[in-house]
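Overview (structure and organization)
Residues per chain are reported as follows:
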Amino acid sequence: MQAVKTKSHRELIDSRQPWQTMPGELFGRQDVFDTDVDVFFNKHWILVAVTADVPEAGDVYTVDIGKASILICRDDDEQIRAYRNSCRHRGARLKEPGKSTVGMLVCPYHQWTYDLNGVLKHTTHMGPDFDMGCRSLSAVHVRVVGDGLIFVCLAKEAPADFDFLANTMDERFAPYHLGKTKIAYETDVIENGNWKLVIENNRECYHCAGTHPELTTSFLAEDFGFCPDGLSEEGQKSLEAYNQKVAETVSGWEKDGLVWKAVEEVGAETASIFRTQRLVIAGCGESQTMDTKVECKRLLADFNRRDLGDVHLHTHSSWSHVMSDHAVISYLIPLGPDRTLVRTKWLVNEKAVEGVDYDLKRLVSVWTATNSQDAKLVEINHAGTQDPGYVPGTYSRYTEALLEAYANWYSARLAAHGV
Ligand code: FES
Ligand SMILES: [Fe+2]
């Protein structure tokens, strides 16, 4: 009997036809997963934290990504710094995952001590010839976007095109004062599926109408694409109402100088892909809540209106929604071929008081429900792609165009790194 030859990662990618889904092995295989982590999480800019994770000087937030661990610190000058979580003596982890507050970073093994600029300040028993000057913690590229979102890049040379994302979002997020927020709530959800399926699921709202009753209260379905052929009378009316609502809302925003147009930088030639737009919120138009009104009475900044829509930002591993009263920031961390951590943080004005300015349950109800619904969808999607009977299917050109773009980008970025 002839042995079945295992396809290479590249052969699997190249076997995908345009507008077709990926072959199942790209989701299920350990070697593919390991390469994915190396390329997409170790060599691209990734969102790993928010400034509210480290609100004060001396705060440290440790985030593990694959075998890497990163220390995100706020130094004594209030600057955000990021270092490899590996001691320059014999490599021990300096911190466990999670948050702490320190004066200095002291290695638990032999107590080598670093300041928050990563400089080695103190050792014992190393002798007079030992040069402390070249034993600083290894710095990691770090950028704070919109004063609130902390991105890092673990590569030696970080993709330079991140500037476009950072500059675009600095302008769009500036009015919200994300640097003056606090975390009202955060959750970690482990989804039983490959990270690419988590992103695929996030990049389309084809599934929303049938699965997200809470989220669709504030979404305008037409924003996420639709097939214009054969629209029912009801569908046609809904489209007309949509067009009218968007036209009225954006003209109001334009009068107030609020940028709303989409920037869609998702081409295969771009390393730091992203999409942003100020989306119209349905109903009362204020926030992604069950009644589409703001839940936090103390808004993120001194806005003179509450209906600022949803400034969303998607990157290759994150999605964020910023509204007048709160922001919901989500990013993923791949754990294994069939396991992905989705971490979500709800931000409110740092002066807002739970129970006075907002009810926590009401604040988080839409996205906690949505996240758990999406976790189930990703799980059934992943399981189905691993079925021996799975054959690649077809993306909708109207509602899943971002998935086709994403698959092409996935291929191009791996090729750029020799895969
Ligand atoms: S490994 Fe850190 S002090 Fe020895
Ligand atoms: Fe969803």
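Report follows, based on the coordinates. (Residues numbered from 1 in each chain as written. Chains lettered and ligands numbered in written order. Predicted model: local features only at pLDDT ≥ 70, side-chain atom pairs only at ≥ 80, totals over all residues. Heavy atoms only, no water.)

**Section: the environment of Pro 128**
- Along the polypeptide, Pro 128 turns up in the loop between β8 (120-122) and β9 (141-145).
- Taking the C-alpha atoms as reference points, Pro 128 and Asp 307, 179 residues apart in sequence, are found 65 Å from one another. (Helix = DSSP H or I, 4+ residues; strand = E, 2+ residues; numbered from the N terminus.)

**Topic: the layout of surface pockets**
- Of the pockets and cavities examined, the largest pocket occupies roughly 440 Å³.
- Surrounding the largest pocket, 29 residues form its lining, Arg 203, Glu 204, Phe 224, His 314 and Leu 402 being those nearest its centre.
- For the lining of the largest pocket, the elements supplying multiple residues, two or more each, are α5 (195-202), β13 (274-279), β14 (310-314), α8 (360-385) and α9 (401-416).
- Of the residues assigned to the lining of the largest pocket, the class counts are ten nonpolar, eleven polar and eight charged.
- The volume enclosed by the second largest pocket comes to roughly 370 Å³.
- Lining the second largest pocket we find 19 residues, and of these Ala 209, Ala 221, Glu 222, Gly 225 and Phe 226 sit closest to its centre.
- Where the lining of the second largest pocket is concerned, the elements lending two or more residues are α6 (208-211) and α7 (233-255).
- At three residues, the largest contribution of residues to the lining of the second largest pocket is made by α7. (1 Å grid on protein atoms, 1.4 Å probe; cavity = no way out; pocket = protein on both sides within 12 Å on 5 of 7 lines; lining within 4 Å. Points joined across faces, edges and corners; volume = space filled by probe spheres on them. Nonpolar A, V, L, I, M, F, W, Y, C, P; charged D, E, K, R; others polar.)

**Brief notes about the nonpolar core**
- Membership of the largest hydrophobic core comes to 105 residues, with the highest contact counts inside it found for Ile 72, Leu 149 and Tyr 410.
- Those residues in contact with Ile 72, other than ones at most four positions away along the chain, are Val 48, Ala 49, Val 54, Asp 59, Val 60, Tyr 61, Val 63, Ile 80, Arg 81, Ala 82 and Ile 150. (Core = buried A, V, L, I, M, F, W, Y, C linked by side-chain atoms within 4.5 Å. Buried < 20%, exposed > 50% of the residue type's maximum accessible area, 1.4 Å probe, protein only. Contact = heavy atoms within 4.5 Å.)

**A look at the coordination of the iron ion (ligand 2)**
- Every protein donor of the iron ion (ligand 2) is accounted for by His 207 (NE2), His 212 (NE2), Asp 374 (OD) and Asp 374 (OD), and the metal-donor separations fall at 2.0 to 2.7 Å.
- What the four donor atoms of the iron ion (ligand 2) show is an angle range of 53 to 153° at the metal, which sorts the shape as irregular.
- In the primary structure, the donors to the iron ion (ligand 2) are separated according to the pattern H-x4-H-x161-D. In this pair, His 207 is assigned in the loop between α5 and α6 and Asp 374 in helix α8, connecting sequence segments 167 residues apart.
- Judged by its relative accessible area of 15%, His 207 is buried.
- With a relative accessible area of 10%, Asp 374 lands in the buried category. (Donors = N, O, S within 2.8 Å, 3.2 Å for Na, K, Ca; no water. Tetrahedral: all angles 85-135°; square planar, octahedral: opposite > 155°, others 65-115°.)

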